[in-house]
Amino acid sequence: MTYCLHLAHCYPSHMSIYGDRGNVIALVQRCAWRGIALDVTPIEPGDAVDWSSFDLAFFGGGQDSGQALIVQDLFERQRVGFCAAIEADLVLLAICGGYQLLGNYFLTHTGERLPGLGILDLHTVGGKQRLIGNVVVEATFGHGPPVHLVGFENHSGRTYHGPGVRSLGRVVVGHGDNGEDGVGGSVYRNTYGCYLHGSLLPKNPQLTDHLIRLALQRRYGSEAKLPPLEARLEMHAQQTMLKRLLPRRLFRRS
Ligand code: GLN
């Protein structure tokens, strides 16, 4: 049986900084190596979108100015269909600026208030000092053991969680969602959000494969099996960074 999946890439012209497009490339490539066709549709302001036709979506980061350019389209044109798809377990990965816009609002450091989709119970407030650097989050997803996800963050926004959202993991290195409470990202249904650019998926194949598996089983049923695929180079990249960043006692466990 040939599997075929469809991915919506949200606003790639405005929301694709710090290598975020690499997440889409990693998903397409790890699907292709398994004989799964993953086609990608860019969604830009003004597009009419049938969200029910998608299995996956990716929403990358952007400057405050890029977020301001797309937020009206997101809120007025896409909100109803996009939120319905998320509630119907669309597999969504959102990074930084995209992640912020899934929450209730983003109050930028210049005082502009951007409305969010309100799908994640969180809000973001811009600070004067940007949170920049390498980041490691000890994350739990699927049925596997905790995984150290490696990334790079650069944001002024501090994201604070409400009771309605589960955290993806715990920050081990870096700032994460707000630099205060150690929270590193969110999970709601099949939606994953975090601050890890870098790109995230090429060097964290455990999460890449988890997202593909979720999408495959959502479309083809729980008996659909993700064919095994080695990830030697990807894991080498991940482990190289973990070795540099983690205290030795934690690196041995990763
Ligand atoms: N503009 C947002 C912020 O600075 C998001 C930045 C990003 O996506 N890297 O917080």
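Residues numbered from 1 in each chain as written. Predicted model: local features only at pLDDT ≥ 70, side-chain atom pairs only at ≥ 80, totals over all residues. Heavy atoms only, no water.

A.B. asks: Summarise the state of the cysteines; cite the residues concerned and give the values.
C.D. replies: If you walk through the whole model with that rule in mind, you get zero disulfides. For Cys10, which is in no disulfide, the shortest distance to another cysteine sulfur is to Cys83 and amounts to 11 Å. A residue is classified by how much of its surface remains accessible, and Cys10, at 2% relative accessible area, is buried. (Disulfide = S-S within 2.5 Å. Buried < 20%, exposed > 50% of the residue type's maximum accessible area, 1.4 Å probe, protein only.)

A.B. asks: Can you explain the UniProt feature "active site" (unreviewed entry) in the protein? Please cite residues and give values.
C.D. replies: According to UniProt, the feature "active site" (unreviewed entry) maps to Cys96 and His197 in the numbering used here. These annotated residues cover 102 residues of sequence, and their C-alpha atoms all fall within 7.6 Å of one another, placing them together at a single site. With respect to the helices, strands and loops of the structure, Cys96 is situated in the loop between strand S4 (91-95) and helix H3 (97-100). Taking the relative accessible area as the measure of exposure, Cys96 reaches 5% and is therefore buried. In this structure, Cys96 is in contact with Gly61, Asn154, His155, Cys194, Tyr195 and His197, ignoring residues within four places of it in sequence. For His197, the location among the structural elements is in the loop between strand S12 (191-194) and helix H4 (205-220). Not counting chain neighbours up to four residues away, the residues in contact with His197 comprise Ile17, Tyr18, Asp20, Gly61, Ile95, Cys96, Gly151, Phe152, Asn154 and Lys203. Side-chain polar atoms of His197 contact the side chain of Asp20, separated by 2.8 Å. (UniProt positions renumbered as here; feature names shortened; annotations may be inferred. Helix = DSSP H or I, 4+ residues; strand = E, 2+ residues; numbered from the N terminus. Contact = heavy atoms within 4.5 Å. Polar contact = N/O pair within 3.5 Å; in protein donor to acceptor, adjacent residues only side chain to side chain.)

A.B. asks: Please provide a residue-by-residue account of the packing of helix H1 (residues 21-32) against H4, values included.
C.D. replies: It is the contact of H1 with H4, at a shortest axis distance of 10 Å, that shows an interaxial angle of 70°. On the basis of their axis angle, the class for H1 and H4 is roughly perpendicular. From H1, Ala26, Leu27, Arg30 and Cys31 reach across to H4, where they touch Pro205, Thr208, Asp209, Leu211 and Ile212. (Axes fitted to C-alpha atoms, helices over the stretch in contact; angles between N-to-C directions. Parallel < 35°, antiparallel > 145°, perpendicular 65-115°, else oblique.)

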